[in-house]
Amino acid sequence: MNLTLYGVDQEWIAVDCGMMIRQDLPDTPLQVPNTDCLTTLAIKPRALIITHGHEDHIGATAWLWPAWGCPIHATPLAAGLLRAKFAERGLNSDAIRVIEPGEAMDTGLFTLRFLAVTHSMPESCSLLISAGGHRVLHTGDWKLDAEPLIGPPIDAATFRAIAPVDLVSGDSTNAPLPGHSRSEGDVADALVEAISRCEGRVIVSCFASNLARVLAIGRAARHCGRRVSLMGRSMERMVAIARGLGYLDDFPSLVPVNDLGYLPPEEVLVIATGSQGEARAALSRLAQGRHSSFEMRPGDSVIFSAKAIPGNEHLIDRLKGGLKRLGVSLLDEFNHPELHASGHPAQEELRRFYEWIKPRYLLPVHGESRHQQAHRELAKQLGIQAPLLPVDGDMIRLDADGLHLESRRTQPPCIVKRDAISPLPGLGNDRGHRSRHGSLYLALSVTITEEGGWTRIGCLMLDTSQCSPLDEDAFSDWLDLELQHLTADTLADLRMALQPRMLAWFADHLHRVPEIHLQILAVESPSTSEVVQ
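All residue numbers here refer to positions counted from 1 along the written sequence of the relevant chain. The model is predicted, so local features are restricted to residues of pLDDT at least 70 and side-chain atom pairs to those at 80 or more, both for listing and for counting; the totals for chains, interfaces and linings are taken over all residues. Side-chain calculation: all heavy atoms of the structure are included, whereas hydrogens and water are not.

**Brief notes about the overall build of the chain**
Runs of E in the DSSP output that reach at least two residues are strands. Runs of H or I that reach at least four are helices, and both are numbered from the N terminus. Counting secondary structure elements, the chain contains 14 helices and 25 strands. With the radius of gyration taken over C-alpha atoms, the globule rule is written as 2.2 Å times the number of residues to the power 0.38. A compact globule built from 533 residues would reach a C-alpha radius of gyration of about 24 Å, and the chain, at 24 Å, matches this within 12%. For the chain, the spread of C-alpha atoms along the principal axes amounts to about 75 × 55 × 45 Å. Categorising residues by exposure relies on relative accessible area from a 1.4 Å probe, with only protein chains included: less than 20% of the type maximum marks a residue as buried, more than 50% marks it as exposed, and the intermediate range marks it as partly exposed. For the chain, the proportion of its 533 residues judged to be buried stands at 53%. Of the roughly 23600 Å² that the chain leaves accessible, carbon and sulfur atoms contribute 48%. If you average the places of the 50 positive and of the 66 negative side-chain charges in the chain, the two averages end up 5 Å apart. To measure how exposed things are, a 1.4 Å probe is used in the Shrake-Rupley method; for residues, cover is taken only from the protein chains shown. Counting rule applied: Lys, Arg positive; Asp, Glu negative; His and chain ends not counted. To locate a charge, take NZ of a lysine, CZ of an arginine, CG of an aspartate or CD of a glutamate.

Here's what the structure looks like:
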């Protein structure tokens, strides 16, 4: 759910406006960013800038943009996807303005350059933002790929030319991973080899927005003598828009799903949505035998050419269980890791990129706390200052003295319900009444570690009797990891840092989030004689 705002002298721009699907909640609603603090602070962006067309970067635009009414600047593919979303909601799309990768624009006090990067979607861009005497590189999602299949590799000279930058707001998703991410070209070769070994019908599931992967699957099908069909509305829409922009000229002709029954099994390949176990997606309907035009049989193969998004593991396991009961062979990230490549940079890519742009400061974003911490440690090795680990709702100031946390505003989740945005029930934010979904009482004793973080001492005191069932072991493991990475100076600072992260964890793991009561106590460490004040 990417939504970042940059402001100078009371002028603001917004960068990206994404959503996520809450598969853990009934009816799998959309979750969108909470913009209450923008209203409180009287922030209204003068422009919305889109880095690329993934749903976690554009999916909330049609819901949140009407309150702003500002121009939207996006590259052609993202603009096409946005127009389709606006049409679905009956919105006028005149505000959507196309800008090509490599171009620059001015809006108020801001000068922006769209710098092309490789990612799992064409036309992805980093943004060089110049305003208030500072130069910030907002990386967006990126990787270094020598063979991206669609579009050229990153031009190192372009990024060397902008060095040094004052701040990089950088993608942390794969920061804990050593080495270099796999190339899309390597995945394309692996797909040809895997599909050539399959005897029955083949269903390949991937993200619809990963057009390089969709193209690779289509080419592999043709190489192996198979005809291609698409399943899933998002897949059909994405391919149609991409073809209109000339990105899939080398893609095979499509066979309607209704005609697949007339083809021999060894000539069939279906590209389907649903790699994350989405209940209403094509692959789940196939696993349950509920597809009106297609039925899977023993001897067929399903290839998961996508990595499991954290939090979706249970749904994916359930999906795979249904496929196995049908006698279907499964190829996934565990038994065939070569069939997927991440769209985000591992450590060696981060090192090389930062050698190009020479940032003074890093703000590690786009990842969980452990990803941000790994990103910060890497920055320190490179001599880049990274004083903050931001969470949703942080107001951060960049000035001549560096980065400073100005304030922190808790961001309760908001979902789209009955065609309107509403708070996720049961968060206990309205102090005028008690939550209808119970209360959770949590007390923990902590002490400062020699490394400057915190550690829990003794048992976790957790009363969940008045709320939804909770996996206490999973929560304890998560809490201990978070405490290690938090460098707050006082208990008040620790509570301020821990509270939004804890809120996000419960929102992701409970169907109905209770009112949360947190108490933190300082105790003497068994290894020292000092008492934390």
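**Here's the deal with the sheet that holds strand E9 (residues 110–116)**
As summarised here, the arrangement of the 6 strands in space is E8-E9-E10-E11-E12-E18, forming an open sheet in which the pairing is mixed. Looking at strand neighbours, the two that pair on one side only are strand E8 (104–107) and strand E18 (361–365), the edges of this open sheet. With strand direction ignored, the average angle separating the axes of adjacent strands in the sheet is 20°. Strands qualify as paired when DSSP identifies two bridges or more between them. Relative to strand E11 (residues 134–138), strand E10 (residues 125–131) runs antiparallel, the two sharing 5 bridges. Along E11, the bridge assignment pairs Leu127 with His138. In what follows, a contact means two residues having at least one pair of non-hydrogen atoms within 4.5 Å. Axes here refer to lines fitted to C-alpha atoms; in helices the fit is confined to the stretch in contact. Angles between the N-to-C directions go from 0 to 180 degrees. Each of strand E12 (167–171) and E18 touches helix H12 (residues 369–381); the most contacted strand, E18, lies at about 160° to it.

**So, the pairing of strand E13 (residues 202–205)**
The side chains of a regular strand alternate, residue by residue, between the two faces of the sheet. On E13, burial covers both faces: Val202 and Val204 on one face and Ile203 and Ser205 on the other are all buried. Direction of pairing for E13 relative to strand E15 (residues 268–272): parallel, over a ladder of 4 bridges. Counterpart to Val202 in the pairing with E15 is Leu269. Examined bridge by bridge, E13 and strand E16 (residues 301–304) share 4 bridges and lie parallel to one another. Bridge pairing links Val202 to Ser301 in E16.

**A word on helix H6 (residues 184–197)**
For H6, spanning 14 residues, the distance from its first C-alpha to its last is 20 Å, which sits close to the expected 20 Å at 1.5 Å a residue. For H6, the set of buried residues is Glu184, Gly185, Val187, Ala188, Ala190, Leu191, Ala194 and Ile195. If you follow the buried residues of H6, they end up packed against helix H7 (211–223), E15, E16 and strand E17 (329–331). In protein, a polar contact requires one atom able to donate a hydrogen and another able to accept it; more generally it is a pair of N or O atoms within 3.5 Å, and residues adjacent in sequence count only if both atoms are side-chain atoms. A side-chain oxygen of the first residue of H6 lies 3.1 Å from the backbone nitrogen of Gly185; this N-cap is Ser183. Take the residue count of a helix, subtract one, and multiply by 1.5 Å to get its expected span.

**Some points on the sheet that holds strand E21 (residues 414–417)**
In space, the 4 strands of this open sheet follow the order E3-E4-E21-E22, with antiparallel pairing throughout. Among the strands making up the open sheet, the edge pair consists of strand E3 (20–21) and strand E22 (420–423). Bridge analysis of strand E4 (residues 30–32) against E21 gives 2 bridges, and the strand direction is antiparallel. Across the sheet, Val32 pairs through a bridge with Cys414, a residue of E21.

**Focus on the packing of helix H13 (residues 472–485) against helix H14 (residues 491–509)**
Running from N to C, H13 and H14 point in directions that differ by 145°, and their axes come no closer than 11 Å. With respect to the hand of their crossing, H13 and H14 are arranged in right-handed fashion. Judged by residue contacts, Ala474, Phe475, Trp478, Leu479, Glu482 and Leu483 of H13 engage Leu494, Leu498, Arg501, Met502, Trp505 and Phe506 from H14. Ten residue types, Ala, Val, Leu, Ile, Met, Phe, Trp, Tyr, Cys and Pro, are classed as nonpolar, four, Asp, Glu, Lys and Arg, as charged, and the remainder, Gly among them, as polar. Among the residues forming the contact of H13 with H14, the class breakdown is 10 nonpolar, no polar and 2 charged. The sense of a crossing depends on the near helix, which, turned anticlockwise from the far helix by less than a right angle, makes the crossing left-handed and, turned clockwise, makes it right-handed.

**Details of H14**
For H14, which comprises 19 residues, the first-to-last C-alpha distance of 26 Å matches the rise-based estimate of 27 Å (1.5 Å per residue) to within 8%. To get the bend at any residue, fit one axis to the seven residues that end at it and another to the seven that begin at it, then take the angle between the two axes. For H14, the principal kink sits at Leu498 and spans about 30°; a proline, Pro500, occurs within the next four residues.

**A short note on empty space enclosed by the protein**
Residues are called lining when one of their atoms sits within 4 Å of a cavity or pocket point, these points coming from a 1 Å grid over the protein atoms alone, where a cavity is a set in which a 1.4 Å probe fits but cannot get out and a pocket is an open set with protein on both sides within 12 Å along at least five of seven lines. Grid points are joined across faces, edges and corners, and a volume is the space filled by probe spheres set on the points. Summed over all chains, the structure comprises 1 cavity of 30 Å³ or more. By volume, the largest cavity amounts to about 40 Å³. Taken together, His119, Ser120, Met121, Pro122, Pro148, Ile150, Glu184 and Ala212 make up the lining of the largest cavity. Tallied by class, residues from the lining of the largest cavity come to 5 nonpolar, 2 polar and 1 charged.

**So, a negative patch on the surface**
Only residues whose relative accessible area exceeds 30% and that take part in no salt bridge are eligible for patches, with like-charged residues grouped when within 9 Å of each other and nonpolar side chains (Val, Leu, Ile, Met, Phe, Trp, Tyr) grouped when within 5 Å. The salt bridge criterion pairs a side-chain nitrogen of Lys or Arg with a carboxyl oxygen of Asp or Glu, the two atoms within 4 Å. Taken together, the side chains of Asp471, Glu472, Asp473 and Asp477 present a region of like negative charge at the surface. Residue class for Asp473 comes out exposed when judged on its relative accessible area of 59%.

**Some details on the pairing of strand E2 (residues 11–15)**
The buried fraction of E2 amounts to 4 of the 5 residues, a majority that puts the element mostly inside the structure. Direction of pairing for strand E1 (residues 4–8) relative to E2: antiparallel, over a ladder of 5 bridges. For Tyr6, the partnering residue across the bridge sits in E2 and is Ile13. Hairpin connection, E1 to E2: the antiparallel pair is bridged by 2 residues, and Asp9 has positive phi, about 50°. Bridging between E2 and strand E5 (residues 48–49) involves 2 bridges; their strand directions are parallel.

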